[in-house]
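So the chains spell out like this:
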Amino acid sequence: MLSFSVSRFPSNHSLPLRKPSPATNASFRIDPPQDPYTPNSISTNTHGSDLQQSASSSGDGKVEGFRREKASGRVTGVHPIQGGGGVLLGRKNKKAKEKIYWVCSNCGYTAGQWWGVCRSCSVSGTMKEFHEAKSSDADSKVHGFAVLEDGVGSWLPQQEGELRPLRLAEVNRGLDHLHWRIPLSGPFGNEVSRVLGGGLVPGSLTLVGGDPGVGKSTLLLQIAAIIAEGHNDGEASPVLYVSGEESIEQIGNRADRLRIESDIYLYSSNDIEDILKKVQHLSPGALVVDSIQTVYLKGIMGSPGGIMQVKECTSALLRFAKKTNIPVLLIGHVTKSGDIAGPRVLEHIVDVVLYMEGEKYSSHRMLRAVKNRFGSTDELGVFEMSHSGLQAVSNASEMFLSEQYLDSQVLAGLAVAVIMDGSRTFLIEIQVLIKQAGLRLQEHAVFLNVVSGLTLAETAGDLAIAAAICSSFLELPIPNDIAFIGEIGLGGELRMVPRMEKRVSTVAKLGYRMCIVPKAAEKALGTEGLEKMKVVGCRNLKDVINTVFPNIMKRSK
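Residues numbered from 1 in each chain as written. Predicted model: local features only at pLDDT ≥ 70, side-chain atom pairs only at ≥ 80, totals over all residues. Heavy atoms only, no water.

Draft legend 1. Seen up close, the overall build of the chain. Of the regular secondary structure elements, the chain holds 15 helices and 24 strands. Looking at the chain as a whole, 39% of its 557 residues qualify as buried. Sequence separation of 24 or more characterises 60% of the internal contacts of the chain that already satisfy a separation of 6 or more. Carbon and sulfur atoms provide 51% of the accessible area of the chain, an area that totals close to 32500 Å². (Helix = DSSP H or I, 4+ residues; strand = E, 2+ residues; numbered from the N terminus. Buried < 20%, exposed > 50% of the residue type's maximum accessible area, 1.4 Å probe, protein only. Contact = heavy atoms within 4.5 Å. Areas by Shrake-Rupley, 256 points an atom, 1.4 Å probe, with all protein chains shown as cover.)

Here you go:
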């Protein structure tokens, strides 16, 4: 209890003909557990009836106003009492605050304050700040596991009788492990099945992550087509493909480009409850959601992609998959560091986490599992992105080996190693830098510049860079109607690059007279549109110099 008094004394400069105002004492008591503005908490002692009436009427009005403000939840300020010279102090009501917590991006550990090093995984610099607004009504919170019971729980399979623990023998009784999984047929399906551990498990929740444009949507659309074509001894089953980022017309255009004509239903929505209600009428063989960062659950604070939305939406889909035995495949965005966007707990909720990898200027894609509750995480799938979609690469060693020549000068500095990735064997070529061009550049400094400030990242510019260095060293200009396309290995050999036909066609349209390419590309290119341009194939850098500077190489000999 807090009490204090305010005294008012007569002025020393009062007129002599006027009676001085009597001294006034006001006492106030504030008791936090009770209403501080009850009439009993204010007592005023005066020696004049006028002052008593003024303080009484003014104080009652202020107290009544304070009660109304407090009932409405407004912050109360300081109110003076007229005539008495005292003040009433109002206690401020606390507003609803945001809950701030820190989540480790590496292991998902949650703490109420920031730590420089995660107390769970001991990794430094991984604690990220998240905000969650507190709801005034605790009963209004919605959770992913409860949305099924409230919205679509009536049509879900119901468990008969009381739940009880089952023996392992009872669980496995009558289960055919050979035909339990959903098979994915064809070369493409076999490559995906290798990564999944033998096929898609019914009732599983699979998350696929990867960089933008790497082919995640194409991968799942092709998987959906295989499932819809039929499984379990030819039994066909429709697949529902839901996108929160694209319209159904855009998805249909991609399916047409991939020549997919399977029984796939397309739907565009961001509401999880709406999506699950649409599934009720189809009973699909699989559900695809593109992507988990674009969907939301009503009643959950935050926008789609937030930590709480992602967590609760994934929980709802997990509950749906386990209840209906329908496999669910999710697409997840990734951050700049390559991790799946959102909380790390997302990867703990799902059953399988797949990452799709690929270089920006390469047509090859790799699919690997970083988490798999139904198989090994050591398997690797290799694909090649083409105009008609992802194609399985039967001999993955072709990606890592250059063309072999019997010429010992070309083979100098090259060796082949045999490595294992999961159950697959790869042949990898090891190269050592040696002088393969016949030019002695050891005592020369080389300065390279790309015009207009561009950054050259893809390997197709290797041959042009080498030709420019040779031109500068020999002090002979290269004719301005010659273009170069190709990658150069450390052994001096020329290698193929993606989209060779489109590159050569562009050079021909611009009026170039000659285009130098790797020997393997010369055989693969057609003649349509190349009537006015000569395509010259070279095996190594020496052949290029002989073609561009024939007289100089003869003199050097």
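The structure having been displayed, the exposition proceeds.
Draft legend 2. Structural context of the nonpolar core. Residues Phe 188, Val 192, Leu 219, Ile 223, Ile 264 and Leu 354 are the most contacted members of the largest nonpolar core, which totals 36 residues. Sorting the residues of this core by element identifies helix H4 (186–196), helix H5 (216–229), strand S10 (239–243), helix H6 (248–257), strand S12 (286–290), strand S13 (328–332), strand S14 (352–357) and strand S15 (364–372) as the ones contributing at least two each. Beyond its immediate sequence surroundings of up to four residues, Phe 188 is in contact with Leu 219, Gln 222, Ile 223, Ile 226, Phe 383, Leu 390 and Ala 392. (Core = buried A, V, L, I, M, F, W, Y, C linked by side-chain atoms within 4.5 Å.)

Draft legend 3. Inspection of the side chain of Thr 206 at higher detail. Secondary-structure assignment places Thr 206 in strand S9 (residues 205–210). Leave out the neighbours within four places in its chain, and Thr 206 touches Leu 200, Val 328, Leu 329, Leu 330, Val 352 and Leu 354.

Draft legend 4. Local environment of H5. For H5, built from 14 residues, the straight-helix expectation of 20 Å at 1.5 Å per residue is met to within 8% by its first-to-last C-alpha distance of 20 Å. Across the 14 residues of H5, 13 count as buried, placing the element largely inside the fold. Once H5 ends, the next one or two residues include Gly 230, with phi positive near 140°. (Expected span 1.5 Å × (residues − 1).)

Draft legend 5. Looking closely at the environment of Leu 240. With respect to the element layout, Leu 240 can be found in strand S10. In this structure Leu 240 comes out as buried when scored by relative accessible area, which is 3%. As for Leu 240 and Ile 275, which are separated by 35 residues in sequence, their C-alpha atoms are 9.6 Å apart. Apart from the residues lying within four places of it in its own chain, the contact partners of Leu 240 are Tyr 265, Tyr 267, Val 279, Leu 282, Pro 284, Ala 286, Leu 287 and Val 288.

Draft legend 6. View of the packing of H4 against H5. Orientation of H4 relative to H5, taken along the N-to-C sense of each, is 110°, at an axis distance of 11 Å. Taken together, the axis directions place H4 and H5 in an arrangement best described as roughly perpendicular. For the pair H4 and H5, contact is made by Phe 188, Gly 189 and Val 192 and by Leu 219, Gln 222, Ile 223 and Ile 226, respectively. Residue composition of the contact of H4 with H5, by class: five nonpolar, two polar and no charged. (Axes fitted to C-alpha atoms, helices over the stretch in contact; angles between N-to-C directions. Parallel < 35°, antiparallel > 145°, perpendicular 65-115°, else oblique. Nonpolar A, V, L, I, M, F, W, Y, C, P; charged D, E, K, R; others polar.)

Draft legend 7. Quick look at the pattern of salt bridges. Taken as a whole and judged by the stated rule, the model has 12 salt bridges. With its nearest N and O atoms 3.8 Å apart, the salt bridge here joins Arg 164 to Glu 170. Arg 164 gets classed as exposed once you look at its relative accessible area, which sits at 54%. One salt bridge connects Asp 274 with Lys 278, and the closest N-O pair in it is separated by 2.6 Å. Here Asp 274 pairs with Lys 278, and both are found in helix H7 (residues 272–282), just four residues apart, close to one helical turn. Overall, Asp 274 belongs to the buried group, its relative accessible area being 19%. (Salt bridge = Lys/Arg side-chain N within 4 Å of Asp/Glu carboxyl O.)

Draft legend 8. A look at the state of the cysteines. In the structure shown here, the tally under the stated rule is zero disulfides. Not engaged in a disulfide, the cysteine Cys 104 finds its nearest cysteine sulfur in Cys 118; these two sulfurs lie 3.6 Å apart. The buried category is assigned to Cys 104, whose relative accessible area is 0%. (Disulfide = S-S within 2.5 Å.)

Draft legend 9. Focus on the pairing of strand S11 (residues 264–268). Here S10 pairs with S11 via five bridges, running parallel. Note that in S11 the partner of Val 239 across the bridge is Ile 264. Chirality of the crossover, the property in question, places the unit of S10, H6 and S11 among those that are right-handed. (Pairing = 2+ DSSP bridges. Right-handed = clockwise from strand over helix to strand, strands pointing away.)

Draft legend 10. Region of interest: the packing of aromatic side chains. Counted under the stated rule, the structure contains one aromatic pair. Between Phe 188 and Phe 383, the aromatic rings sit 5.5 Å apart at their centres with planes inclined by 55°, giving tilted as the arrangement. Taken as a pair, Phe 188 in helix H4 and Phe 383 in strand S16 (residues 380–386) lie far apart in primary sequence, 195 residues in all. The buried category is assigned to Phe 188, whose relative accessible area is 10%. For Phe 383, a relative accessible area of 0% puts it in the buried group. Over the face of the ring belonging to Trp 115 we find Arg 119, whose NZ or CZ atom lies 4.4 Å from the ring centre. (Phe/Tyr/Trp six-rings, centres within 6.5 Å; stacked < 30°, edge-to-face > 60°. Lys NZ or Arg CZ within 6 Å of the ring centre and 35° of its normal.)

Draft legend 11. Expanded view of the side chain of Ser 217. Secondary-structure assignment places Ser 217 in helix H5. Among residues more than four places away in sequence, those in contact with Ser 217 are Tyr 241, Arg 254, Asp 290 and Ile 331.

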